[in-house]
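Notes for the structure review
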Amino acid sequence: MALITLAPETKSFIAKEQKLLIGGQWKDAGSDALIDVINPADGNRISGIGDATEADIDQAVDTARAAFESGAWPEMKPGERSRVIHKIADLMETHAEELAQLETLDNGKPINFARGDVFASIGAFRYYAGWADKIQGTTHTINLPGDHHVYTLKEPVGVVALIVPWNYPLVMAAMKLGPALAAGCTAILKPAEDTSLSALRLGELALEAGLPEGVLNIVTGYGHTVGNALINHPGIDKIAFTGSTATGKIIAHAAAENLTKVTLELGGKSPNIIMSDADLEKAIPASAMGIFFNSGQTCTAPSRIYVHEDIKDEVIAGIAAVGKSMNLANGLDEESTMGPLVSAKQFERVSAYIAEGQKEGANIASGGVRHGESGYFLEPTVIDQTRNDMTIVQEEIFGPVVVAQSFKTEEEALALANDTQYGLAGAVWTPNISTAHRMVGKIKAGIMCINAVMGADWDVPLGGYKQSGIGQENGKDGLENYLNTKTVFTAL
């Protein structure tokens, strides 16, 4: 195993204990404690981040409020805001390899995947930079007596709390920060305590790009303290969160107390239906990579496979073979195709689900055990002989674990697919276009794929049904999350 050499900038960044970004200044957290940054590939400490206090959150919110009410950002011409956002993207491109290395060190994902995440994040800032000068209201002809001129204005919602998860740290930060900045909002960004490094480096680049002081504030710490203080703060105008459904419910309750606007992109247990006429040369490797990519730590991952009984054995064997062929290694190894789970806690959580599945009568067809002697590596796991009433079928595992069962008819497949609290994504494999469109129309999910298992683009809305979330991100829908609509009546 030959690991890449860390860039000098990467070494320099992780060598320092990380601070909070508040009001354009880097400051120590109010607590004396530091949270260890652990490399999941070997379990070793690589740096430390601040553990913010409630007083730090108050200061960050007050600073963001001042920047919004009397600062330069909301009053800036849209084209000027666009240029600053483009400059952030330019600097990210200049420092792309450094950002990718930080992401791999922090999250564990293979470096080539991390590089892809960085360029996707750059794309988000460029996409929303293009929206900054295209925010428009409307005019209306109304039925009231007399003559009126009626129009709407689109205005920034205000101070926003952006809470992002650990599975795609930089991508998720860009997904929320890009539209918030384009709209003219000011923000407090809270990265996950397990993966804060790339967000903190992004903060440095944003200041270098000319983002005014106080527009972006970054607070690090635990969800139950820092996150809780943010979501309950009366000075927050909107909360945008990506993470588990359980945490999303807590945020929804908190938002209700202050009637804070909220967008929630939550968990999934996505069905992947493989019909008897599917092209298995495409369906098998795509289905395998869909669940094993990013070590299964993807909310839209096709974690439930429903395969027609005529081809079940072939599909199970094929997916297991793909899993066995993957190179589980430190993400800094260019040959790695699958990294570790993000933390010891997540490794234990996923392992416990596998054990529960066995207890409930499922069969481990492949994998399911630790790989190597160090780090949090788990072999790609295929579980068959499952039933829809099993815990492993109903709950989001968020690891490289796919559960499989067979069906006989299209109606049975649809019933199985919809038998879940989630409704984030799904897929159908068949060359019959009529069957495909009929089935995707009947599956209750916000994102559906035909003869594919993953689909995403910054211009395409992303959101779920049922307990998979509230609202849409990406595209114009994502921008609208950060805008208020004001209606103006003028008597003529």
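Residues numbered from 1 in each chain as written. Predicted model: local features only at pLDDT ≥ 70, side-chain atom pairs only at ≥ 80, totals over all residues. Heavy atoms only, no water.

**Observations concerning the sheet that holds strand β14 (residues 363-366)**
Selection criterion: When DSSP finds at least two bridges between two strands, those strands are taken to pair. Here a helix means four or more residues in a row that DSSP labels H or I, a strand means two or more in a row labelled E, and each is numbered from the N terminus. Axis definition: a line fitted to C-alpha atoms, limited for helices to the stretch in contact. Angles are taken between N-to-C directions and run from 0 to 180 degrees.
Reading across the sheet, the seven strands line up as β14-β15-β16-β13-β12-β18-β19 and stay open at both edges, with mixed pairing between neighbours. Every other strand in the sheet has two partners, leaving β14 and β19 (447-450) as the edge strands with one partner each. Mean inter-strand twist for the sheet, computed between neighbouring axes without regard to direction, equals 25°. Looking at chain direction, strand β12 (residues 271-274) and strand β18 (residues 425-429) are connected through three bridges and run parallel. Paired with I274 across the strands is W429, a residue of β18.

**Structural notes on the sheet that holds strand β22 (residues 483-491)**
Ordered in space as β5-β6-β22, the three strands form an open sheet in which the pairing is antiparallel. Each edge of the open sheet carries a strand with a single partner, namely β5 (139-140) and β22. Looking at chain direction, strand β6 (residues 148-156) and β22 are connected through nine bridges and run antiparallel. Of the residues in β22, the one forming a bridge with L153 is K486.

**Quick word on the packing of helix α3 (residues 78-94) against helix α6 (residues 169-183)**
The test is simple: Every angle not falling under 35 degrees, over 145, or within 65 to 115 is termed oblique; those three ranges are roughly parallel, roughly antiparallel and roughly perpendicular. Crossing handedness: left-handed means the near helix sits turned counterclockwise from the far one by under a right angle, and right-handed means the same turn made clockwise. Contacts are assigned to residue pairs with any non-hydrogen atoms lying within 4.5 Å of each other.
The geometry of α3 relative to α6 is characterised by a closest axis approach of 9 Å and an angle of 160° between their N-to-C directions. Taken as axis vectors, α3 and α6 run roughly antiparallel relative to one another. Considering the relative orientation of α3 and α6, their crossing is right-handed. Here R81, I85, I88 and M92 of α3 lie close against α6, whose contacting residues are L170, L181, A182 and A183.

**Topic: the pairing of strand β7 (residues 159-163)**
So the rule is basically this: Buried means the residue's accessible area, taken with a 1.4 Å probe over protein chains only, is under 20% of the maximum for its type, while exposed means over 50%, and partly exposed covers the values in between. For a crossover, the right-handed case is the one in which the path from the first strand over the helix to the second runs clockwise, viewed with the strands pointing away from the viewer.
Across the five residues that make up β7, a large majority, five, are buried. In this structure, β7 lies alongside strand β8 (residues 186-190), joined through five bridges in parallel fashion. What sits directly across from I163, in β8, is K190. In terms of handedness, the path from β7 via α6 over to β8 forms a crossover that is right-handed. Where β7 meets strand β10 (residues 238-242), four bridges bridge the pair, whose relative direction is parallel. Paired with L162 across the two strands is A240, which belongs to β10.

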